[in-house]
Amino acid sequence: MCNIKPIDELKVSPIEVVNLSAKINNNLILNNISFEIPDKSITAILGPNGAGKSVLLKTINGLVPISKGKITFNSQETSEAIRKKQAMVFQTPTLLRRSVLHNMEFINSINKETNILDAKFLLKRVGLDNFYNHPARLLSGGEKQRLSLARALLLKPKLLLLDEPTTNLDPNSLKLIEDLILEESIKGTTIILTTHDMAQAKRLTSNIIFINKGKVLEQTEGKVFFRKPATNEARKYLAGEILL
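In this text, all values refer to a predicted model and were calculated from it rather than measured experimentally.

Thresholds, definitions, all that
- Residues numbered from 1 in each chain as written.
- Predicted model: local features only at pLDDT ≥ 70, side-chain atom pairs only at ≥ 80, totals over all residues.
- Heavy atoms only, no water.
- Helix = DSSP H or I, 4+ residues; strand = E, 2+ residues; numbered from the N terminus.
- Buried < 20%, exposed > 50% of the residue type's maximum accessible area, 1.4 Å probe, protein only.
- Arc of directions from axis to C-beta.
- Contact = heavy atoms within 4.5 Å.
- Lys, Arg positive; Asp, Glu negative; His and termini not counted.
- Salt bridge = Lys/Arg side-chain N within 4 Å of Asp/Glu carboxyl O.
- Expected span 1.5 Å × (residues − 1).
- Pairing = 2+ DSSP bridges.
- Axes fitted to C-alpha atoms, helices over the stretch in contact; angles between N-to-C directions.
- Core = buried A, V, L, I, M, F, W, Y, C linked by side-chain atoms within 4.5 Å.
- Phe/Tyr/Trp six-rings, centres within 6.5 Å; stacked < 30°, edge-to-face > 60°.

### Things to note about unusual backbone geometry
Looking along the chain, the bond that leaves serine 13 and enters proline 14 is cis, with omega of 10°. The residue proline 14 is located in the segment before β1 (15–24) in this model. With phi around 50°, asparagine 25 is a residue other than glycine that occupies positive phi space. Relative to the helices and strands, asparagine 25 is located in the loop between β1 and β2 (27–37). The class of asparagine 25 is exposed, set by a relative accessible area of 70%. Of note, asparagine 26 is a non-glycine position whose phi angle comes to about 70°, a positive value. Tracing the backbone shows asparagine 26 in the loop between β1 and β2.

### What to know about helix α3 (residues 100–110)
The set of residues buried in α3 consists of Val100, Leu101, Asn103, Met104, Ile107 and Asn108. Across the axial projection of α3, the buried residues extend over an arc of 160°, all falling on one side. Where α3 is buried, its residues contact α4 (116–125) and α5 (141–154).

### Considering the side chain of arginine 151
Here arginine 151 shows up in helix α5. Although buried, arginine 151 forms no salt bridge, and the nearest oppositely charged side chain, glutamate 105, lies 12 Å from it. Setting aside anything within four residues of it in sequence, one finds arginine 151 in contact with Thr94, Leu95, Leu96, Asn103, Met104 and Ile107.

### Looking at helix α6 (residues 171–186)
The first and last C-alpha atoms of α6 sit 23 Å apart over 16 residues, in line with the 22 Å expected at 1.5 Å per residue. Of all the positions in α6, only Ser173, Leu176, Ile177, Glu178, Leu180, Ile181, Glu184 and Ser185 are classed as buried. Buried residues along α6 sit against β3 (42–46), α4, α5, β7 (159–163), β8 (190–194) and α7 (198–204).

### Here we look at the sheet that holds strand β9 (residues 207–212)
Whenever strands of a sheet pair, they do so through backbone hydrogen bonds, lying parallel or antiparallel. Strand order in the open sheet made by the six strands is β6-β7-β8-β3-β9-β10, with mixed pairing throughout. Only two strands of the sheet have a single partner each, and these edge strands are β6 (86–89) and β10 (215–221). Adjacent strand axes in the sheet meet at a mean angle of 15° when their direction is disregarded. Sheet analysis places β3 next to β9, joined by four bridges and oriented parallel.

### A look at the nonpolar core
Formed by 42 residues in total, the largest nonpolar core has its most connected members in Leu46 and Leu147. Ranked by the residues each element gives to this core, the list is headed by α5, at six residues. When near neighbours in sequence (up to four residues on either side) are disregarded, leucine 46 contacts Lys53, Thr195, Met198, Ala201, Ile208, Ile209, Phe210, Ile211, Phe225, Phe226 and Tyr237. Among the nonpolar cores identified, the runner-up in size contains 27 residues, and Ala51, Val64, Ile71 and Ile82 belong to it.

### A short note on the packing of aromatic side chains
The final tally for this structure, using the stated rule, is three aromatic pairs. Between phenylalanine 210 and phenylalanine 225 the ring centres are 5.9 Å apart and the planes differ by 35°, which places this aromatic pair in the tilted class. Of this pair, phenylalanine 210 sits in strand β9 while phenylalanine 225 sits in helix α8 (residues 222–227), placing them 15 residues apart in sequence. With respect to burial, phenylalanine 210 and phenylalanine 225 carry one shared label: buried. Following the ring pairs from residue to residue traces out a cluster consisting of Phe210, Phe225, Phe226 and Tyr237.

Here is the structure:
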């Protein structure tokens, strides 16, 4: 008997990562890491540049192949159905050479669960409802990131992956994106993000994973991590010291 559930019934969390390793160009980036992501949580992956944060998000999303170990989504290994329940927003948005609305319509064309009213509603949510005919690539940095998030939300993901979603953004865009993240969490979306903004991690997240040199050094509640980190590396990181 087939145990695969219909796509709309699939749960993709909790997520369990077991003894995971991943390579890029034969370089080991993630080295035998294990952790769990709770259901309907906001988790921040913290660590210095080069720690492997972005690669970890891409590995969860299936963009980087697993060299060893496994990732399970609500006890199921990844599948096309599970991947369709994920969306990822990259630090540098890649937008189509089309208008803002046409960027959203492209997502509609590949996701039959949405329509143009969904697209327009999300553009209003991200403050771009007056930019329908504006060339997407001529938006400001903050506007581009807001459009990228709107496209991701149009997929109606149950798992949202955000790679430095507010780096170098204006305060208005930062506040708007953080509010959207919290709203999606309240709706039941499991969210994993990377950030160098410790104040943002404190505002948004309940769960912290700290990695350095491709290894998970800590996983704990946010309030515990920021008050009393367990490792010397985490203490140095929070103090703004360079980790070698």
